[in-house]
Amino acid sequence: MPQGVQQPATVDNFLKTILRSGIMDRSQLQEAIRKAPREARTDANLLADYLVRQGKLSRFQSKKLLEGTAQGLVLGPFQVLAPIGRGGMGTVYLARDIRSQHLLALKVLPPSRAKAEERLLVRFRREMEMCQRVAHPHLAWTFEVGLCQGVHYIAMEYIPGKSLFRIVMDSGPLSSPRAARLFCEIAAALDHAHHQGIIHRDIKPSNVLITPHDHAKVLDLGLALVQGESSAKREVIGGQGYVVGTMDYIAPEQAEDPTKVDARSDIYALGCSLYFVLTGQAPFPGGTNKDKIRRHRTEEPTPLAELNSSVPTAFAELIHKMMAKDPEIRPRTAHAVQMKLERWAAGEPRLPLDRPTDTTYELAVQEIEDRETVPPDITEEVIPLEGAPEGQVDEDGALIDALRAEETPVSSVVIAEEVPPSAAIVPAVPTAPAAPLRRKTQVSVATPRSASPKTPRLLWLYATIAAVGFLLLCGFLFWLVR
């Protein structure tokens, strides 16, 4: 075989890799393969497809297992179903909590990055802490944070949808009513965070996810600051000489000193984000980061009306006020912004908040689980674990032997050509099929035979009848003699 070409996986190695991965233990795997079609018993790819169809593996898991990858598909109680995105500090995975069977998004910081960049580790730990301080329907919900096998993780709700940035880039600027309605929700989320003393410091369209029911979810507290905080290192939370934030949306005072911020700094970024979604461009496009900072401090953006004449004048004036250089001119609270935006959001259709039982949610999950390729921006396909223990092994080959021994215990079967492979073998005397079978082929299957359990019962029945007949005959003859 040419060098670099991967050899096909065998059923033996595939099953052993599943056991080593920890995705299933021996009894679960044996139950999963018990009804596998005959042809899948000798073909690893067919067996993998069968387990995917049965919902036992995701397409991503089956691909990695067939490649021989056992580690990095399980992290503590979480099974990694597929990578779904990349954050500033690590990869985000779609995962399942085996304790509750709930789906979630698992954000991790790889051990190598945690060791090489202490600043990232401190920031990730800060995000772990911040996530637990907030709880709002328009903020990504956090279920659990922790450290497992050298990996720091944040387990949060999985939210299907697209970022505001991607929606605008794909479909163009939003209408004023829709933008007002979505930013009412973002402002409500920020107001909640501000009441917990947390300043986001990185509000931007790519940090806002829009759900299938068209609701906003604010993401990523990785750069958040607790007001009055001074104990953390300057290179982590910022300070003189350290700029923290995204230059297209950063408030002038935040660019000068990232620790001298309050709710009004987030309101500035919120105004810049509104400007983007209504015009399709940032307030100060082009140039270097230094150019952007200078323009945020000294220049006014192109009037919104020149780029989108459909935006109501009063709406444009509110955005201009939110982006004032002087924080004193801006609205003082996110709640005040929310109340003003309600005016232009009135009459916009509103669906209920998204839930995991929604069809759109289930379809989004299914699409990820069935995806054949990993998104191009993913840096880590599986979680890079540190000192991860292997799962069970099958050194004695018992599982393989059991698979080969699990034959269909019937002497003859009918193969229906129009029935799916997983249901292709049916009894020779079946119940009425859902659709008439066009063609049937009788197939003999060699199986060990034992005495039929009906035989002794028939002998007993015949003996009983003979005995009763003999007694009746004797009685009749006795009656004749008398």
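Values in this document were obtained by computation on a predicted structure and should not be read as measured data.

(A) Expanded view of the sheet that holds strand β9 (residues 208-210). Reading across from one edge, β7-β9-β10 is the order of the 3 strands in this open sheet, with antiparallel pairing throughout. Only two strands of the sheet have a single neighbouring strand rather than two, namely β7 (162-163) and β10 (216-218). With 3 bridges joining them, β9 and β10 adopt antiparallel strand pairing. Counted as the bridge partner of isoleucine 210 is alanine 216 from β10.

(B) Region of interest: the confidence of the model for the protein. Averaged over all residues, the pLDDT of the protein is 81; the fraction at 70 or higher stands at 77%. Low pLDDT, under 50, characterises residues 407-455; the predicted model gives this stretch 47 contacts beyond four residues in sequence or across chains.

(C) The environment of leucine 351, seen in detail. As for its position among the elements, leucine 351 is in the loop between α15 (334-345) and α16 (359-370). Taking the relative accessible area as the measure of exposure, leucine 351 reaches 47% and is therefore partly exposed. The spacing of leucine 351 and histidine 215 is 136 residues in sequence and 8.3 Å in space, taken between C-alpha atoms. Apart from the residues lying within four places of it in its own chain, the contact partners of leucine 351 are His213 and His215.

(D) Structural view of the nonpolar core. Formed by 113 residues in total, the largest nonpolar core has its most connected members in Phe14, Leu106, Leu274 and Val277. For leucine 106, the residues in contact, after removing those within four places along its chain, are Leu75, Phe78, Thr91, Val92, Tyr93, Ala95, Tyr153, Ile154, Ala155 and Ile383.

(E) Quick peek at the packing of aromatic side chains. Overall, the coordinates contain 4 aromatic pairs when judged by the stated rule. Taking 5.7 Å as the distance between ring centres and 70 degrees as the angle between the ring planes, the aromatic pair formed by tyrosine 158 and tyrosine 361 counts as edge-to-face. Taken together, the residues span a long stretch of sequence, with tyrosine 158 in the loop between β6 (151-156) and β7 and tyrosine 361 in helix α16 at a distance of 203 residues. Of the residues examined, tyrosine 158 reaches a relative accessible area of 9% and is grouped as buried. Relative to tryptophan 344, the ring of phenylalanine 315 has its centre 4.9 Å away and its plane inclined at 10 degrees; by these criteria the two rings are stacked. With a gap of 29 residues between them, phenylalanine 315 in helix α14 (residues 313-322) and tryptophan 344 in helix α15 connect regions that are remote in the sequence. The exposure class assigned to phenylalanine 315 is buried, which follows from its relative accessible area of 0%.

(F) Looking closely at the packing of helix α1 (residues 11-21) against helix α4 (residues 59-66). Packing of α1 against α4 leaves a shortest axis separation of 9 Å and a crossing angle of 115 degrees. For the element pair α1 / α4, the angle class is roughly perpendicular. The two elements α1 and α4 meet at a crossing, and its hand is right-handed. Residue-level contacts link Phe14, Thr17, Ile18 and Ser21 of α1 to Ser62, Leu65 and Leu66 of α4. A breakdown of the residues in the contact of α1 with α4 according to their chemical character gives 4 nonpolar, 3 polar and no charged.

(G) Structural context of unusual backbone geometry. A positive phi angle is found at glutamine 101, which is not glycine, with a value near 70 degrees. Summarising the element assignment, glutamine 101 is placed in the loop between β3 (91-97) and β4 (102-109). Residue classification places glutamine 101 among the partly exposed residues on the basis of a relative accessible area of 49%. One non-glycine residue, arginine 201, lies in positive phi territory at about 70 degrees. Positionally, arginine 201 belongs in the loop between β8 (198-199) and β9. Exposure remark for arginine 201: the relative accessible area of 3% places this residue in the buried category.

(H) Representation of the environment of isoleucine 198 within the structure. Counting through the fold element by element, isoleucine 198 comes out in strand β8. Residue classification places isoleucine 198 among the buried positions, given a relative accessible area of 0%. Separated by 30 residues in the primary sequence, isoleucine 198 and glycine 228 place their C-alpha atoms 9.9 Å from one another. Those residues in contact with isoleucine 198 that lie beyond four places of it in its chain are Met130, Arg133, Val134, Ala193, Ala224 and Leu225.

Definitions and cut-offs
Residues numbered from 1 in each chain as written. Predicted model: local features only at pLDDT ≥ 70, side-chain atom pairs only at ≥ 80, totals over all residues. Heavy atoms only, no water. Pairing = 2+ DSSP bridges. Helix = DSSP H or I, 4+ residues; strand = E, 2+ residues; numbered from the N terminus. pLDDT = per-residue confidence, 0-100. Contact = heavy atoms within 4.5 Å. Buried < 20%, exposed > 50% of the residue type's maximum accessible area, 1.4 Å probe, protein only. Core = buried A, V, L, I, M, F, W, Y, C linked by side-chain atoms within 4.5 Å. Phe/Tyr/Trp six-rings, centres within 6.5 Å; stacked < 30°, edge-to-face > 60°. Axes fitted to C-alpha atoms, helices over the stretch in contact; angles between N-to-C directions. Parallel < 35°, antiparallel > 145°, perpendicular 65-115°, else oblique. Left-handed = near helix turned anticlockwise from the far one by under 90°. Nonpolar A, V, L, I, M, F, W, Y, C, P; charged D, E, K, R; others polar.

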